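The primary structure of each chain is shown beneath.
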Amino acid sequence: MEKVRNMKKHVTFVGALHIGFGILGIIGAVVVFFALSFALSFVEGIDIAEEIMKAILVLVPVLICVTSILGIIGGIGVLNYQNWARMLVIVLSALNCLNVPIGTAKGVYSIWALLQDETVDLFNQKAGRVPMN
């Protein structure tokens, strides 16, 4: 029972972590959009460079925004002990491992916390399912 109580703290922290970083990601996407818009003014008149910058101007902020929104949704779901959210956060955490060093730490910790047997049992109990032990 003590381990389940400890895992509740880890799950709460993982959910809050993903919500917090999701909000920061959305703010970062807006900053990147404006920075790339400013950079676009330096390549006006150079056709190929302008086209590449326009593509980057759209793709990078959209990618950051989509992963951030998914992180917020997953974080809220994890706080509510939804099993689909646990899976979503595990996938997002695996992708976060590519963001060295902070994303790696966040990703490894989230994966560790969400794959523990006690955490799986906790999510199953909240969903009304019987543990598989």
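Look up a bit, the structure's there.
All residue numbers refer to position in the chain's written sequence, counted from 1. In keeping with the predicted nature of the model, local features appear solely for residues at pLDDT of at least 70, side-chain atom pairs appear and are counted solely at 80 or more, and the whole-chain, interface and lining totals rest on all residues. No hydrogens and no water enter the side-chain calculation; it runs on all heavy atoms of the structure.

Here's the deal with helix α5 (residues 117-126)
- Each residue gets one of three labels from its accessible area relative to the maximum for its type: buried under 20%, exposed over 50%, partly exposed in between, using a 1.4 Å probe on protein chains only. Labels follow the DSSP assignment, with helices taken as runs of H or I lasting at least four residues and strands as runs of E lasting at least two, numbered in each case from the N terminus. Taken together, the buried positions of α5 are Glu118, Thr119, Asp121, Leu122, Phe123 and Asn124.
- Pairs of residues are marked as contacts when any of their non-hydrogen atoms sit within 4.5 Å. Structurally, α5 contributes buried residues whose contacts are with α1 (2-40), α2 (47-79), α3 (83-96) and α4 (102-115).
- Immediately downstream of α5, the backbone of glycine 128 shows phi near 85°, a positive value.

Topic: the packing of α1 against α2
- For the pair α1 and α2, the least separation of the axes is 7 Å and the interaxial angle reads 165°. Judged by the angle between their axes, α1 and α2 are roughly antiparallel. Crossing angle aside, the handedness with which α1 passes α2 is left-handed. Between the N-to-C directions of two axes lies an angle of 0 to 180 degrees, each axis being a line fitted to C-alpha atoms and, for a helix, fitted only over the stretch in contact. Small angles under 35 degrees read as roughly parallel and large ones over 145 as roughly antiparallel, with 65 to 115 read as roughly perpendicular and the rest as oblique. Left-handed describes a crossing in which the near helix is turned anticlockwise from the far one by less than a right angle; the clockwise case is right-handed.

Here's the deal with the pattern of salt bridges
- Salt bridge criterion: a side-chain nitrogen from Lys or Arg within 4 Å of a carboxyl oxygen from Asp or Glu. Inspection of every chain in the model, using the stated rule, returns one salt bridge.
- In this structure, glutamate 50 and lysine 54 form a salt bridge, with 3.7 Å as the shortest nitrogen-oxygen distance. Taken together, the residues glutamate 50 and lysine 54, both in helix α2 and four residues apart, mark about one turn of the helix.

A look at the environment of tryptophan 84
- Turning to its location among the elements, tryptophan 84 is positioned in helix α3.
- Considered as a pair, tryptophan 84 and glycine 28 are 56 residues apart in the sequence and their alpha carbons are 27 Å apart.
- Dropping the residues within four chain positions of it, tryptophan 84 is found in contact with Ile73 and Gly77.

A look at the environment of leucine 63
- Mapped onto the elements of the fold, leucine 63 is located in helix α2.
- When its relative accessible area of 57% is taken as the criterion, leucine 63 is described as exposed.
- In this structure, the C-alpha to C-alpha distance between leucine 63 and alanine 29, residues 34 residues apart in sequence, is 8.5 Å.

In short, shape yes, function no, at least from these values alone.
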